[in-house]
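Examining the three-dimensional arrangement
Chain residues, written in single-letter form:
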Amino acid sequence: MNTIQKPNLPLKQLWALSFGFFGVQIAFALQTSNVSRIFATLGADPHTLSYFWIVPPLTGLLVQPIVGMLSDRTWTKWGRRIPYLIIGTLVTALLLIILPNSGALGLAVGTAMIFAATCLVLFGVSTDMALQPFRMLVGDMVNEKQKSLAFSIQSFLCNGGNILAYLLPIALVTWGVSNVAPVGMIPDSVKWTFYIGAALLILCVAVTVFRTKELPPAEYAKYNAIDESKVREEKVNIFELLKKVPNVFWTVGLVQFFCWAAFLYMWTYTTGAIAGSVWGTTDASSALFQSAGNWVGVLFAAQAIGGVLWAMVIPKFKDIKMAYVASLGIGAIGFILTRFIGPEVSILGMTMSGQFALLFPFFLVGFAWAGMLSIPFTLLTNALQGTSRMGTYLGLFNGTICIPQIVAAVAGGGLLLLVGGNQSNMLVISGILLILGAIAVHFIKVEKK
């Protein structure tokens, strides 16, 4: 059976296909920018913060391959991927309402942290169910010519969702919402950010659900040279599939290892790093620490803006590997620069506030983030074109995102001790990891169909 090229999709269809990604990324960004702050507020020690970050990638490692495998064999009137998207979205929205209220249930400190950790586990499961279908939809429906554009649109929407989520807390404070709370309680500014995120998540995913019609089984089989009658009967052996996976899976996975470990440390330690270096406090219950927590949202928004702009540049590179190296190299410079910024910074004889000086390095970090969100999936889905197990392979590939985060989270407390307990040094380690990732790009061999 010969493969028939998929037709080009209208630009508006490419946007509708991924628009729900904007809402899912709002939920994900609220997690990455607020989890350390929530657990620190509940009483967690800085040396144990990274352990709470084991939860999200661990759930992703387990859930996303299952979602991929099951959705490969699912055919309903709603499609094959969209039913999982709907379920994941609804559960995520519910947890966005529950999680920031962990300290308001009258529980003891230890019990409140256990409750919050349990919510985090469920949150990881549901966001993985909502996130993975978007990558699969592009793999299923978009031809090779448009795929780089489709994943760049996802990267653009992802960073747009990040910007909104990161800026919401400080915007709410500006509008008069309280940013302080009793010891062990989460401020209203954080709570309302999560509530708004839940509403936007549902609205954005609804656009994708109601404006996307997945390929029916016969048409999908035609475009992918698949014997439709055998797809449902075929038994899936994960280990056999991994033996047959293209080499790109492993070489890109090596790059992914360094990249996602780097960003795990950014999400875990940025609040403590800038609270200590710029605001001069390590007291998580203080107003200064909560102000630093809000500014983390601004810094991550600067990162997302850098990602939005760089995502538009990436498709213009003729050599996708060069785009990958440039993205990671510039991001590494950004991470390392953060170490040299204190309460005030002198630049060309002019003195400026350290908190504003931090915007530039985080803007550069966004270049790495944009590359990580689009280039690996472009390389892999091009190499996998024509398989009946696209969803399963993408689910397995998620292991290259989850495993490095788990390893980094386990090692985080020990590394923090080695660097003298200074959380700013953990961001330098992030920069070093991105440099190693850029070097590892050399081992990737681009596979074309």
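Note that this is a predicted model, so its numbers are computed, not measured. (Residues numbered from 1 in each chain as written. Predicted model: local features only at pLDDT ≥ 70, side-chain atom pairs only at ≥ 80, totals over all residues. Heavy atoms only, no water.)

1. Notes on the overall build of the chain
If you tally the helices and strands in the chain, you get 18 helices and two strands. Taken along its principal axes, the extent of the C-alpha atoms in the chain is 65 × 50 × 40 Å. Evaluated residue by residue, the chain yields a buried proportion of 60% over its 449 residues. Expressed as a percentage of contacts within the chain between residues at least 6 apart in sequence, the contacts between residues at least 24 apart total 83%. About 17,600 Å² of surface is accessible on the chain, with carbon and sulfur atoms providing 69% of the total. Taking the 27 positively charged and 17 negatively charged side chains of the chain as two groups, their mean positions are separated by 6 Å. (Helix = DSSP H or I, 4+ residues; strand = E, 2+ residues; numbered from the N terminus. Buried < 20%, exposed > 50% of the residue type's maximum accessible area, 1.4 Å probe, protein only. Contact = heavy atoms within 4.5 Å. Areas by Shrake-Rupley, 256 points an atom, 1.4 Å probe, with all protein chains shown as cover. Lys, Arg positive; Asp, Glu negative; His and termini not counted. Charge placed at Lys NZ, Arg CZ, Asp CG, Glu CD.)

2. A few points about empty space enclosed by the protein
Applying the stated criterion to the full structure yields three cavities of 30 Å³ or more. Around the largest cavity, the lining comprises 23 residues; the ones closest to its centre are F28, D128, L131, I401 and Q405. Split by residue class, the lining of the largest cavity holds 13 nonpolar, eight polar and two charged. If you go around the second largest cavity, the residues you meet are A273, I274, S277, T338, R339, L358, S424 and L427. When residues in the lining of the second largest cavity are grouped by element, the largest group, three residues, is from helix α11 (residues 247-277). Residue classes in the lining of the second largest cavity are distributed as four nonpolar, three polar and one charged. (1 Å grid on protein atoms, 1.4 Å probe; cavity = no way out; pocket = protein on both sides within 12 Å on 5 of 7 lines; lining within 4 Å. Points joined across faces, edges and corners; volume = space filled by probe spheres on them. Nonpolar A, V, L, I, M, F, W, Y, C, P; charged D, E, K, R; others polar.)

3. Let's talk about the packing of helix α1 (residues 11-42) against helix α6 (residues 144-174)
Where α1 contacts α6, the axes come no closer than 7 Å and their chain directions differ by 40 degrees. Considering their axes alone, α1 and α6 lie oblique with respect to each other. Pair α1 / α6 crosses with right-handed handedness. (Axes fitted to C-alpha atoms, helices over the stretch in contact; angles between N-to-C directions. Parallel < 35°, antiparallel > 145°, perpendicular 65-115°, else oblique. Left-handed = near helix turned anticlockwise from the far one by under 90°.)

4. Remarks on the environment of A112
By secondary structure assignment, the location of A112 is in helix α5 (residues 109-141). Among the residues examined, A112 registers a relative accessible area of 4% and is labelled buried. Considered as a pair, A112 and G43 are 69 residues apart in the sequence and their alpha carbons are 9.5 Å apart.

5. So, the layout of surface pockets
Taken as a whole, the second largest pocket encloses approximately 300 Å³ of empty space. As for the second largest pocket, its lining consists of 19 residues, and the residues nearest its centre are P46, G272, T282, F289 and Q423. Of all the elements in the fold, those that place two or more residues in the lining of the second largest pocket are α11 and α18 (423-440). With six residues, α11 is the largest single contributor of residues to the lining of the second largest pocket.

6. Brief notes about the pattern of salt bridges
Inspection of the entire model under this criterion finds two salt bridges. Measuring nitrogen to oxygen at the nearest pair gives 3.7 Å for the salt bridge that ties R80 to D140. Residue R80 is located in the loop between α3 (55-72) and α4 (82-98), and its partner D140 is located in helix α5; the two are separated by 60 residues in the primary sequence. By the burial criterion, R80 is buried, and D140 matches it. (Salt bridge = Lys/Arg side-chain N within 4 Å of Asp/Glu carboxyl O.)

7. Quick notes on the pairing of strand β1 (residues 344-347)
As paired elements, β1 and strand β2 (residues 350-353) share four bridges and run antiparallel to each other. From the neighbouring strand, I347 faces β2, where its bridge partner is M350. Between β1 and β2, which follow one another and run antiparallel, lie two residues, and L348 among them has a positive phi close to 55 degrees. (Pairing = 2+ DSSP bridges.)

8. Remarks on the packing of aromatic side chains
Applying the stated rule across the entire model yields 24 aromatic pairs. Considering the side-chain rings of W310 and F367, the 4.6 Å spacing of their centres and the 15 degrees angle between planes classify their relative orientation as stacked. Residue W310 is found in helix α12 (residues 287-313), and its partner F367 is found in helix α15 (residues 359-384); the two are separated by 57 residues along the sequence. Taking the relative accessible area as the measure of exposure, W310 reaches 11% and is therefore buried. Cluster of aromatic residues (ring-pair linked, three or more members): F28, W260, F263, W267, F335 and W369. (Phe/Tyr/Trp six-rings, centres within 6.5 Å; stacked < 30°, edge-to-face > 60°.)

9. Quick word on the nonpolar core
With 139 residues, the main nonpolar core has F39, F263, M266, W267, L328 and L434 as its most contacted residues. Top contributing element to this core by residue count: α11, with 18 residues. (Core = buried A, V, L, I, M, F, W, Y, C linked by side-chain atoms within 4.5 Å.)

10. Digging into the environment of F249
By the element assignment, F249 lies in helix α11. Among the residues examined, F249 registers a relative accessible area of 3% and is labelled buried. For F249 and F397, which are 148 residues apart along the polypeptide, the C-alpha to C-alpha distance reads 7.0 Å.

11. Digging into the side chain of N425
By secondary structure assignment, the location of N425 is in helix α18. We classify N425 as buried; its relative accessible area is 19%. Leaving out residues up to four positions away in the same chain, N425 has contacts with R339 and V419.

Purely geometric numbers; function is a separate question.
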